[in-house]
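Observations on chain architecture
Chain residues, written in single-letter form:
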Amino acid sequence: MEITKICCIGAGYVGGPTMAVIAQKCPHIQVTVVDLNEQRIKDWNDPNTDNIPIYEPGLAKIVAEARGRNLFFSTEVEKAIDEAQIIFISVNTPTKTYGKGKGMAADLKYIELCARQIAKVAKQNKIVVEKSTLPVRTAEAIKSILDNTGNGVQFQILSNPEFLAEGTAVTDLLNPDRILIGGDTTPEGETAINALVNVYANWVNRDKILTTNVWSSELSKLTANAFLAQRISSINAMSELCEKTGADVNEVARAIGMDSRIGPKFLKASVGFGGSCFQKDILNLVYIAKTYGLNEVADYWEQVIIMNDHQKRRFSNKIVQTLYNTVADKKITFLGWAFKKDTNDTRESAAIYVADDLINEQAKISVYDPKVSKNKMLSDLDYLETRTADQNIKSLTVFNDAYDACKGSHAIAVLTEWDEFTTYDWQKIYQSMHKPAFVFDGRNILDAKKLESIGFVYKGIGS
Ligand code: UDX
Ligand code: ADP
């Protein structure tokens, strides 16, 4: 089957970059990304590609190259579904905030809406690809909706989870460790799998394209994220022990990382992991395990989240304790709000929770982040519903310049590991602050010795 038209429903952090790279690498395929959110589509179509709604290094250039040639962004969802041979579903699957599975299970309402829309519109056979992270056996639910409400056409459902990490999305997409495609083991299923394999084979070596059954593919995505998050919670657990014993977590991480069985990656102690995937996927895994009565399995994975919440709270407590047990009316400056560097995404960022704790203690928070807007920060806080929107506005001031943000503050807290923070004139910052001037480095990126020699009281994680 020769694929010439692809549609992707959902122009978010996954759909946007993934489709841009497919379009760049497959000029013979027309790729249309659709979204219900008109503003988002308008932003993707902004004549200046520096204004596209998602910031990822290298992405603007790829969009500039492919957009209008074979990459299109549109709100005409039905037209795009009708024309495409392959439809990627890349909509959001947040944790449920209501009903059964509240706070744990993935909310599949957007997925179901997509499936119903595809069923309604499709007049020819289609391959439907789950790209969003989904609970195991979602493909079965999608298939059931498609087969029971469709116009009698054939649907093949594939699971093709995305492993890109934000901030490195473009390089991850261009040079993936592997591409995973799960599908039915029937002849029709295999034809569909091959069609998608051939799309990726335009730039990915076939040895790196794994094909499995649908359930293995769905579960592999959850497992990969659970293992990665577990490593961070493990090193963060050790960071607390290091602080008590005089060991240094960076040295411990280096020592264990040189064991080739352990490896050096994902061992950076931090203020806690954030992002749209880790917490959601683990909660989802815990929910699935509980559904099958596997309570020990559920408790085991839940501990990764418990440790992460503890690490965030421990960081805010440490700030309060160090500042003589009161931060009321003190200016505390956050460097960074995004959940990691090189992205404007703030979902589940530790900064939100640390700010919320400190505002409860009546601190005045100032923030500088090179990519996150003031509105985003305020809406992140409002979402927690701890206090009114007006109270959040009064407690949070956002600066476009880091030096202005730090001026007159009692303490600086590094929440995101943006490279630029390491290159600042820290002597100048020190002079503009109240004394003693404290730095709480939630990412262990600053030069502790240098800061201490300037006069700062420096507190890192795990030392
Ligand atoms: C993750 C997975 O890495 C990716 O494969 C999957 O597709 C989506 O979820 P992402 O959330 O974008 O990607 O970023 P990641 O680099 O994994 O970082 C997640 C969080 O962990 C960030 O807050 C990061 O700062 C933190 N982190 C990461 C640490 O605290 N220490 C580390 O050593 C690594
Ligand atoms: P992710 O990180 O998984 O890409 P995002 O929230 O960034 O998640 O993006 C998901 C996108 O999917 C949003 O822009 C949202 O408007 C869009 N979306 C959700 N449901 C539908 C739907 N039924 N049809 C079209 N777009 C949808």
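Residues numbered from 1 in each chain as written. Chains lettered and ligands numbered in written order. Predicted model: local features only at pLDDT ≥ 70, side-chain atom pairs only at ≥ 80, totals over all residues. Heavy atoms only, no water.

**Remarks on the sheet that holds strand β10 (residues 364-368)**
Reading across from one edge, β11-β10-β9-β12-β13-β14 is the order of the six strands in this open sheet, with parallel pairing throughout. Two strands in the sheet have a free side with no partner beyond their single neighbour: β11 (396-398) and β14 (457-459). Taken pair by pair, the neighbouring strands of this sheet meet at an average axis angle of 20°, ignoring direction. Where strand β12 (residues 411-414) meets strand β13 (residues 438-441), four bridges bridge the pair, whose relative direction is parallel. When the bridges of β13 are listed, A411 appears paired with F438. The strands touched by helix α12 (residues 295-322) are β9 (331-335), β12, β13 and β14; relative to β13, the strand with the most contacts, the crossing angle is about 165°. The strands touched by helix α14 (residues 374-384) are β10 and β11; relative to β11, the strand with the most contacts, the crossing angle is about 160°. (Pairing = 2+ DSSP bridges. Helix = DSSP H or I, 4+ residues; strand = E, 2+ residues; numbered from the N terminus. Axes fitted to C-alpha atoms, helices over the stretch in contact; angles between N-to-C directions. Contact = heavy atoms within 4.5 Å.)

**Structural notes on unusual backbone geometry**
Looking along the chain, the bond that leaves K435 and enters P436 is cis, with omega of -5°. Of note, P436 is situated in the loop between α17 (426-431) and β13. Within the chain, D342 stands out as a residue other than glycine whose phi angle is a positive 65°. Following the sequence through the fold, D342 ends up in the loop between β9 and α13 (350-360). Accessibility expressed as a relative area gives 22% for D342, which makes it partly exposed. The phi torsion at N444 lies on the positive side, around 50°, for a residue other than glycine. Mapping N444 onto the fold places it in the loop between β13 and α18 (448-454). (Buried < 20%, exposed > 50% of the residue type's maximum accessible area, 1.4 Å probe, protein only.)

**Observations concerning the site of ligand 2**
Taken together, 15 residues lie near ligand 2, and Y13, V14, D35, R40 and R347 sit nearest. Between an oxygen atom of ligand 2 and a main-chain N or O atom of V14, the distance comes to 2.9 Å. With respect to ligand 2, the side chain of R40 contributes an N or O atom lying 2.6 Å from an oxygen atom. Relative to its unbound accessible surface of 580 Å², ligand 2 loses 88% to contact with the protein. Residues of the shell around ligand 2, tallied by class, amount to seven nonpolar, five polar and three charged. (Near = heavy atom within 4 Å. Polar contact = N/O pair within 3.5 Å; in protein donor to acceptor, adjacent residues only side chain to side chain. Areas by Shrake-Rupley, 256 points an atom, 1.4 Å probe, with all protein chains shown as cover. Nonpolar A, V, L, I, M, F, W, Y, C, P; charged D, E, K, R; others polar.)

**Here's the deal with the packing of aromatic side chains**
Aromatic ring pairs are defined here through the distance separating the ring centres and the angle between the ring planes. Applying the stated rule across the entire model yields 15 aromatic pairs. A ring pair is formed by F266 and F278, whose centres lie 6.3 Å apart and whose planes are at 65°; its orientation type is edge-to-face. Linking F266 in the loop between α10 (249-257) and α11 (278-291) with F278 in helix α11, this pair joins segments that are 12 residues apart in sequence. When its relative accessible area of 12% is taken as the criterion, F278 is described as buried. Residues Y368 and F421 carry aromatic rings whose centres are separated by 6.4 Å and whose planes lie at 65° to one another, so their mutual orientation is edge-to-face. Placement of Y368 in strand β10 and of F421 in the loop between β12 and α17 is noted, with a sequence separation of 53 residues between them. Both residues of the pair, Y368 and F421, count as buried. A network of ring pairs unites the aromatic residues Y368, Y403, F421, Y424, W426, Y430 and F456 as a single cluster. (Phe/Tyr/Trp six-rings, centres within 6.5 Å; stacked < 30°, edge-to-face > 60°.)

**Considerations on the side chain of S233**
Mapping S233 onto the fold places it in helix α9 (residues 214-245). Of the polar contacts made by the side chain of S233, one reaches the backbone oxygen of V304; its length is 2.8 Å. When neighbours within four sequence positions are excluded, S233 is seen to be in contact with F273, V304, M307 and N308.

**Structural notes on the site of ligand 1**
Around ligand 1 sit 20 residues in total, of which F163, E166, S270, K340 and R443 are the nearest. One nitrogen or oxygen atom from the main chain of L164 is found 2.9 Å from an oxygen atom belonging to ligand 1. At 2.7 Å from an oxygen atom of ligand 1 is found a main-chain nitrogen or oxygen belonging to F339. Surface burial for ligand 1 is 91%, taken as the share of its 660 Å² of free accessible area covered by protein chains. The biggest single contributor to the shell around ligand 1 is α9, with four residues. Here the residues of the shell around ligand 1 sort into 11 nonpolar, three polar and six charged.

**Focus on the layout of surface pockets**
Considering only enclosed or pocket space, the second largest pocket measures out at about 380 Å³ in volume. Along the wall of the second largest pocket there are 18 residues; nearest its centre are P135, V136, N284, I288 and Y292. Every element with two or more residues in the lining of the second largest pocket is listed here: α6 (138-149) and α11. Ranked by residue count, the leading element in the lining of the second largest pocket is α11, at six residues. Grouping the amino acids of the lining of the second largest pocket by side-chain chemistry returns 14 nonpolar, three polar and one charged. (1 Å grid on protein atoms, 1.4 Å probe; cavity = no way out; pocket = protein on both sides within 12 Å on 5 of 7 lines; lining within 4 Å. Points joined across faces, edges and corners; volume = space filled by probe spheres on them.)

**Section: the pattern of salt bridges**
Counted according to the given criterion, the structure contains 20 salt bridges. K312 is the partner of D309 in a salt bridge, and the nearest nitrogen-oxygen pair spans 3.4 Å. Of this pair, D309 and K312 both sit in helix α12, three residues apart, roughly one helical turn. The buried category is assigned to K312, whose relative accessible area is 4%. Here the salt bridges do not stand alone but share partners, grouping E240, E243, R314 and K318 into one network. (Salt bridge = Lys/Arg side-chain N within 4 Å of Asp/Glu carboxyl O.)

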